[in-house]
Amino acid sequence: MAYRSWMRSQGFTPEVFDGRPVIGIATTWSELAPCNVHLHRVAESVKRGVWQAGGFPLEFPAMALGETLLRPTSMLYRNLLAMEAEELMRANPLDGVVLLSGCDKTTPGLLMAAASVDLPAVMVTGGPMLNGKYRGTDVGSGTAVWRFEEDLLAGRMTQEECAFAEGCMARSNGHCMTMGTASTMASMAEALGMQLPYSASWPAVDARRYETAQRAGQVAVDLVRRGLRPSAIMTRPAFENAIRVNAAIGGSTNAVIHLLAIAGRLGVPLALDDFDELARDVPTLVNLQPSGQYLMEDFCYAGGLPAVIRELDEAGLLHAGALTVTGSGIGANAADAPCWNREVITTVAVPFQPAGTGTAVLRGNLAPGGAVIKQSAASPHLVKHRGRALVFDSPMDYYAVSSDPELDVDEDTVLVIRYCGPRGYPGMPEVANVALPKKLLLRGVRDMVRICDGRMSGTAYGTVVLHIAPEAAAGGPLALVRTGDWISLDVPARTLTLEVGTDELAERRAAWQPPAPHASRGWTRLYCEHVLQADEGADLDFLVGASGHEVPRDSH
């Protein structure tokens, strides 16, 4: 009686307490997260679907992680969102959940939480923005930012032109409409089977985004009645499907870290090398920025992710029977999916880029735990490169001198930006794709090799080696590099080598001192003390695994 009476204060009639499934709607809505600002409207559509299917919907807030504004990086808080959402799902009397996400860390954070609780769950991502339009051309949110900033430095754009372009790039609700991390993780949720077909690509302002949300509410009730849980959907075959889909769409390197973390919550064996091995025979099929020409709105109209999944399935590159929230296998869901534009979604026979152009995993004495590079966004002439290092201990140190015309740098230099990993920054920010030195931009140089233990936005491009593990702050070899050292990158051979002898490295290690802690209290201290390295998904060591969904003992 006590619990029902308090709920009655919201105006619910008595029959909602008749034993029907209670569906929690976890929303990451916030005006501080522009990509997610419309999720309160999406939640209303989900509620309609839950009511239609005979369930009882209850909306609750979870942390909104906007990579757009959050400092030092939203990645610092992904695990906090996962922990908060997990505890809320477990502590409340819920039978199932609908997960509403948008900006890139909210999607993996909620999937990690759902994996650890293992309540029946379905995800609804917020959808991409409409295509950006600038001076008669399509421009991509995120991707165009990097180009415009370089053009401003080089004198090819004015401040006034940049200010005008800002509004042109982001002209509707939704997340970045390039194949950045938000679009990639929405696609990963669909490829894992946790999101309804076509959900990843409907634009945020398209009516079909809200139709999909309403259908997701119905599906959530059905999942509860059938007892179908995330652990039965996100299996090893499902993760293999997601890795191959990520290669086919030219997806973000950030998917590597997030998929490793989600798998870790489920106890699914997944390793960094799986991303290289499983992607080697998968061509890039999707011609989207930053690797290609088009944007997510074009991808949607061309057939969306089901058209890609069908191509991969017919080529024998997918586990077609992997179960999804529809109750059917992923292959059956996409069996009749049409493609309406072969310039946007190509065939396996005649792909946009050949097999082996996806994310590559590099190893060597500079990255014994591994590193990654997005081949489809790299410059072909730089994938085999040898150059002298120019080393900076932070992006700020680099930008303090990057405009100096006397900076000792040329196009063969290897820029090393370190102490940007999970512990080092903290949080592993998207700072690895630093803008090129001004003197090189003025000479027309548009790319050079950059190496970092941090991440880069999925919207970014360039020959950037990322996720160096172990990171510099953990005493990895990156901490021992000095300006002038020779570094060899050989992506085809999957190697990254610091050309310094073992005796010299041993002397440098003996003299190295770890950086001072970033915080003495609070979340940042807890995070830095317990975060795993990038090759393990950067989850907290005590959050790996699951605790189930049993509601704790009574409060009254």
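The structure under discussion appears in the preceding block.
Rules and cut-offs
Residues numbered from 1 in each chain as written. Predicted model: local features only at pLDDT ≥ 70, side-chain atom pairs only at ≥ 80, totals over all residues. Heavy atoms only, no water. Helix = DSSP H or I, 4+ residues; strand = E, 2+ residues; numbered from the N terminus. Polar contact = N/O pair within 3.5 Å; in protein donor to acceptor, adjacent residues only side chain to side chain. Contact = heavy atoms within 4.5 Å. Buried < 20%, exposed > 50% of the residue type's maximum accessible area, 1.4 Å probe, protein only. Arc of directions from axis to C-beta. Disulfide = S-S within 2.5 Å.

Asks: Looking at this model, I keep getting lost on the side chain of serine 488. Mind explaining?
Replies: Among the structural elements, serine 488 can be located in strand β13 (residues 486-490). Within the local environment of serine 488, its side chain forms a polar contact with the side chain of glutamate 499, the two groups lying 2.3 Å apart. If sequence neighbours within four positions are ignored, serine 488 has contacts with His385, Arg386, Thr495, Leu496, Thr497 and Glu499.

Asks: When you look at unusual backbone geometry in this model, what are you seeing that I'm missing?
Replies: A negative phi angle characterises most non-glycine residues, just as the trans form characterises most peptide bonds. Across the junction of glutamine 289 and proline 290, the peptide omega takes the value 10°, indicating a cis bond. Of note, proline 290 is situated in the loop between α12 (272-279) and α13 (296-302). Cis peptide bonds are those with omega within 30 degrees of zero, and the linkage from tyrosine 425 to proline 426 qualifies with 5°. In this structure, aspartate 118 takes a positive phi of about 65° despite not being glycine. Along the chain, aspartate 118 turns up in the loop between α4 (106-117) and β4 (121-125). By relative accessible area, which is 15% here, aspartate 118 ends up buried. Even without being glycine, arginine 494 reaches a positive phi, approximately 65°. Residue classification places arginine 494 among the buried positions, given a relative accessible area of 13%.

Asks: Would you take a moment to explain helix α19 (residues 522-530) for this structure?
Replies: Looking at α19, one finds that the buried residues are Trp523, Thr524, Tyr527 and Cys528. Looking straight down α19, one finds that the buried residues subtend no more than 125° of arc, so they occupy a single side. Of the surrounding secondary structure, the elements contacted by the buried residues of α19 are α3 (75-91).

Asks: Even after reading the chapter, I still don't get the state of the cysteines, so can you show me in this structure?
Replies: Each disulfide is one covalent bond, formed between the sulfur atoms of two cysteines. Enumeration according to the criterion identifies 0 disulfides in this entry. Of all cysteine sulfurs in the structure, the one in cysteine 103 sits closest to cysteine 35, which takes part in no disulfide; the separation is 3.8 Å. By relative accessible area, which is 6% here, cysteine 35 ends up buried. Left unpaired, cysteine 162 is separated from the closest cysteine sulfur, that of cysteine 168, by 11 Å. Classification of cysteine 162 as buried rests on a relative accessible area of 14%.

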